[in-house]
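Coordinates in review
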Amino acid sequence: LVILGIMVCLMNNAGGSAAFGRWAGEHIKSRVGAQLATILLGVLIFIDDYFNCLTVGTVMRPVTDKYKVSRAKLAYIIDATAAPVCIIVPISSWAAAVGSSLPDDCAIDGFSLFLKTIPFNLYAILTIVFMIILIGKNFDYGAMAKYHADLVGKKEETADGDEEIKIIGNGKVIDLILPIIVLIVLCISAMLYTGGILDGVGVA
C-alpha cells in the first residue's frame, strides 16, 4: 500500500493527473458525465481497491468539484466502485486473497471456485447497477443530498481541516495511463509466475 501511494504521488508530480484533468475538462460537459467518468476510471483500475481509491480520488476530484459533485458523493462513487469491481475481476488482489482462503484438501481450487461465484456476487453487481441508476436519475440521498444542497451556490467545496492534494505539472495523459498499464501487466505476470506457469502449471 505504501508503494501504491508512492505511485499515485509519482503520477501526480509527473503531471499525469493534471493532464487527465485537462483532458476530462475538455470532454466532460455535465455533472452526470463527471460521475460516470469516475465510475469508468474506477472500473479500469481493477487491480486493487485501495489503489483504485487513491488514484481515482486524486484524479477526479478537480473534475467533480467543477461540476458541483459533493465530496460525499464522490467518496461514495469511488468506494462503491472499487470493492465491487475488484471482487468480480479474476485478476485482482481480491481474487488471490479469496482463492487462497480455501483449505488445501478442497475438491476444487480457489481460483476456479472464485470464477464460479462471480455471477452470484449480487452485492457487487447490484451496487454497480444502483450507482449507474443513481447517477442517471441525478438523485442524491442522505448525506450526499445534504452536502449537495450546501454546495449549490458556492464556487468550490472545502472541508475543515482538509489538506488539499495539489494537482501540478505539465505532463501528458500517458504519464497517468502508462504507470497503471505497467502495474496491471506486472501484477498479472507476477500472479502467473508465482502460480508456477513456467513449470507447466495451467492458468486455471
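Everything that follows concerns the structure shown earlier in this document.
Structure report, in brief.

Rules used in this analysis
- Residues numbered from 1 in each chain as written.
- Predicted model: local features only at pLDDT ≥ 70, side-chain atom pairs only at ≥ 80, totals over all residues.
- Heavy atoms only, no water.
- Phe/Tyr/Trp six-rings, centres within 6.5 Å; stacked < 30°, edge-to-face > 60°.
- Helix = DSSP H or I, 4+ residues; strand = E, 2+ residues; numbered from the N terminus.
- Buried < 20%, exposed > 50% of the residue type's maximum accessible area, 1.4 Å probe, protein only.
- Lys NZ or Arg CZ within 6 Å of the ring centre and 35° of its normal.
- Patch = residues over 30% accessible without salt bridge, like charges linked within 9 Å, V, L, I, M, F, W, Y side chains within 5 Å.
- Areas by Shrake-Rupley, 256 points an atom, 1.4 Å probe, with all protein chains shown as cover.
- Salt bridge = Lys/Arg side-chain N within 4 Å of Asp/Glu carboxyl O.
- Core = buried A, V, L, I, M, F, W, Y, C linked by side-chain atoms within 4.5 Å.
- Contact = heavy atoms within 4.5 Å.
- Axes fitted to C-alpha atoms, helices over the stretch in contact; angles between N-to-C directions.
- Left-handed = near helix turned anticlockwise from the far one by under 90°.
- Nonpolar A, V, L, I, M, F, W, Y, C, P; charged D, E, K, R; others polar.

**Quick word on the packing of aromatic side chains**
Taken as a whole and judged by the stated rule, the model has three aromatic pairs. Geometrically, the ring pair formed by Phe130 and Tyr141 is edge-to-face, given 6.4 Å between the ring centres and 65° between the ring planes. Here Phe130, found in helix H8 (residues 122-136), pairs with Tyr141, found in the loop between H8 and helix H9 (143-151); they are eleven residues apart in sequence, far enough to count as distant. When the centroid spacing of 6.2 Å and the interplanar angle of 20° are considered together, the rings of Phe139 and Tyr141 count as stacked. What makes Phe139 partly exposed here is its relative accessible area of 46%. Assessed through its relative accessible area of 35%, Tyr141 is described here as partly exposed. Three or more aromatic residues link up through ring pairs in this structure, and these residues are Phe130, Phe139 and Tyr141. The lysine or arginine in question, Lys146, covers the ring of Tyr147, its NZ or CZ lying 4.9 Å from the ring centre.

**As for a nonpolar patch on the surface**
A contiguous nonpolar patch, built from Ile174, Ile177, Leu178, Ile181, Val182, Val185 and Leu186 and spanning about 580 Å² of accessible area, is present on the exposed surface. According to the relative accessible area criterion, Ile177 is partly exposed, its value standing at 30%.

**A word on unusual backbone geometry**
The backbone of Lys68 sits at a positive phi, close to 60°, despite the residue not being glycine. Looking at where Lys68 falls in the secondary structure, it is placed in the loop between helix H4 (49-66) and helix H5 (71-88). What makes Lys68 partly exposed here is its relative accessible area of 24%. Phi is positive for Asn138, close to 55°, though the residue is something other than glycine.

**Quick look at the nonpolar core**
Membership of the largest hydrophobic core comes to 28 residues, with the highest contact counts inside it found for Phe20, Ile28, Leu41, Phe51, Met60 and Ile180. Secondary-structure elements contributing two or more residues to this core are helix H1 (2-13), helix H2 (16-27), helix H3 (31-44), H4, H5 and helix H10 (174-194). Among the elements that take part in this core, H4 stands out by supplying five residues, more than any other. Those residues in contact with Phe20 that lie beyond four places of it in its chain are Leu41, Val59, Met60, Val173 and Leu176.

**Some remarks on the packing of H4 against H5**
The interhelical angle for the contact between H4 and H5, taken along N-to-C directions, is 150°, at an axis separation of 9 Å. The hand of the H4/H5 crossing is right-handed. The segment H4 lies against H5, with Asp49, Asn52, Cys53, Val56, Gly57, Arg61, Thr64 and Asp65 engaging Arg71, Leu74, Ile78, Ala82, Ala83 and Cys86. Of the residues that constitute the contact of H4 with H5, the class distribution is seven nonpolar, three polar and four charged.

Interpretation note: all reported values are geometric properties and have no functional meaning in isolation.
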